[in-house]
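Residue-level listing of the chains:
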Amino acid sequence: MRIASRGRGEEGRERMTLVPETVDDLWHLSYVLEPGDLVSGDTTRRIQRNDDQMRDTGGQREHISVTIEVESVEFARFANRLRVGGVITGCSREDQLGLHHTLNVEQHEELTIEKHFKPDQIDRIEEAEEAADNPDVAIATVEEGEAYIHLVKEYGVDEYASFTKPTGKGEYSRPRDELFGELGSALSHLDTDAIILAGPGFTKQDARDYIAENYRDLEELITVVDTSSAGGRGVHEVLKRGAVEEVQDETRIAREAETIDELMTRIGDGAKAAYGIEQVQEAAEFGAVEELLILDERLRDERQKEGDWDLDVNEVIETVEQKGGEITVFSKEFQPGQQLKNLGGIAALLRYRLQ
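Here goes a summary of the coordinates provided. These numbers come from a predicted model, not from an experiment.

1. A look at the overall build of the protein
Helix and strand counts for the protein stand at eleven helices and 16 strands. Sequence-distant contacts in the protein: of pairs separated by 6 or more residues, those separated by 24 or more amount to 66%. Of the roughly 17900 Å² of accessible surface on the protein, 41% is carried by carbon and sulfur atoms.

Below, the structure is given as structure tokens:
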């Protein structure tokens, strides 16, 4: 994320002009934008014409600049865009005021947001800006006959490719080099700064040696990690062991995995932990919250009055911050976020145990 400018808007709102540079940045913005916010950007819109010279043909698309009051926000993950819908409150064509429009925000497209930013929303944007300097990481897991490539994203882990090449003996078996060759070729086409190569046994080392010999540009990017399996389970092991952190400082996903494991350990031991909105709110009032864990999806629902909590989540967050606690917003797209969801979407690591 690039912050192009910051200033003051009307009615005490803050104005921030941003340039999302990755799909991750679009995902972050989907949790920053809320109904009632003002968003400005360039777009195209079908303009209908009815005059003496031109009959109505259903309209032609024109480039216009608009400001909309947000009603809906959708992160279209597989289309790599953010859809922001609402009513046009400002426009380079006055005849479009008051009409509904959807801004399709894509990477490298500038947009201006005017709103009363909450502290955690500012933190999220600034963290996304800092993340632009972090290396991109690919996790390749391999075992006999199969290999997978996953890409580490801010919103989770995406499977990029999978390969199956039967090895060993038999009519349908193939040389292992064919599997390693497909894996190396796919990795060579990625724009990545680090590769973690993981899996059980000696297969991963053999794969590493093959790639180092045939794709020399990748050799220095590879870190080998031992896991008990390949695929999704192998990726989770890589994250839990902190291997990603060794090549990408403070990776969001690695930290979430570590934090949720600490939470589950404390809950199992009956130690310094709280979960559920009532327990967390009580701990916050006592100043006992060391780190507040909250699911991004739940936070957005509560702020949009679509949740079922009787307590105001913003007041809980403010109380934690005022008493020196940290706030960590978890992604619903990754396993630690799903674990937090099963605990009610909110939990806390405590400074001391409450009676």
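Still more ground to cover, so stick around.
2. Some thoughts on the sheet that holds strand S9 (residues 146–153)
Taken together, the five strands give an open sheet; going across it, the order is S10-S9-S8-S11-S12, and neighbouring strands pair in mixed fashion. In this open sheet, the two strands that pair with only one neighbour each are strand S10 (156–164) and strand S12 (222–226). For this sheet, the mean inter-axis angle between neighbouring strands, taken without regard to orientation, is 20 degrees. Inspection of the sheet shows strand S11 (residues 194–199) paired to S12 by five bridges, in the parallel sense. Residue pairing in the sheet places Leu-197 in a bridge with Val-224 of S12. Docked against the sheet, helix H3 (residues 176–188) engages strand S8 (137–143), S9, S10 and S11, running at close to 20 degrees with respect to S9. Along the sheet, helix H4 (residues 203–214) contacts S8, S11 and S12; its crossing angle with S12, the most-contacted strand, is approximately 170 degrees.

3. A few points about helix H11 (residues 335–342)
Among the residues of H11, Pro-336, Gly-337 and Leu-340 are the ones counted as buried. Each buried residue of H11 lies within a common arc of 100 degrees when the element is viewed along its axis, so the set occupies one face. Remark: Gly-344 follows H11 within two positions and exhibits a positive phi of approximately 100 degrees.

4. Quick notes on the packing of H3 against H4
In the contact formed by H3 and H4, the axes pass within 9 Å of each other and the chain directions differ by 65 degrees. The handedness of the crossing between H3 and H4 is right-handed. For the pair H3 and H4, contact is made by Arg-176, Asp-177, Phe-180, Gly-181, Leu-183, Gly-184 and Leu-187 and by Thr-203, Asp-206, Ala-207, Tyr-210 and Ile-211, respectively.

5. A closer look at the side chain of Gln-96
Counting through the fold element by element, Gln-96 comes out in the loop between strand S5 (81–91) and strand S6 (100–105). The exposure class of Gln-96 is buried, given its relative accessible area of 7%.

6. Concerning the packing of aromatic side chains
Ring pairs (aromatic) are described by centroid distance and by the angle formed between their planes. Evaluated as defined, the whole model comprises two aromatic pairs. Taking the centre distance of 5.9 Å and the plane angle of 70 degrees together, the rings of Trp-27 and Tyr-31 count as edge-to-face. No difference in accessibility class separates Trp-27 from Tyr-31, as the two residues are buried. Above the ring of Phe-117, the side-chain terminus of Lys-115 is found at 5.6 Å from the ring centroid. A cation over a ring is seen here: Arg-124 above Trp-27, with NZ or CZ 4.8 Å from the ring centre.

Calculation notes
- Residues numbered from 1 in each chain as written.
- Predicted model: local features only at pLDDT ≥ 70, side-chain atom pairs only at ≥ 80, totals over all residues.
- Heavy atoms only, no water.
- Helix = DSSP H or I, 4+ residues; strand = E, 2+ residues; numbered from the N terminus.
- Contact = heavy atoms within 4.5 Å.
- Areas by Shrake-Rupley, 256 points an atom, 1.4 Å probe, with all protein chains shown as cover.
- Pairing = 2+ DSSP bridges.
- Axes fitted to C-alpha atoms, helices over the stretch in contact; angles between N-to-C directions.
- Buried < 20%, exposed > 50% of the residue type's maximum accessible area, 1.4 Å probe, protein only.
- Arc of directions from axis to C-beta.
- Left-handed = near helix turned anticlockwise from the far one by under 90°.
- Phe/Tyr/Trp six-rings, centres within 6.5 Å; stacked < 30°, edge-to-face > 60°.
- Lys NZ or Arg CZ within 6 Å of the ring centre and 35° of its normal.

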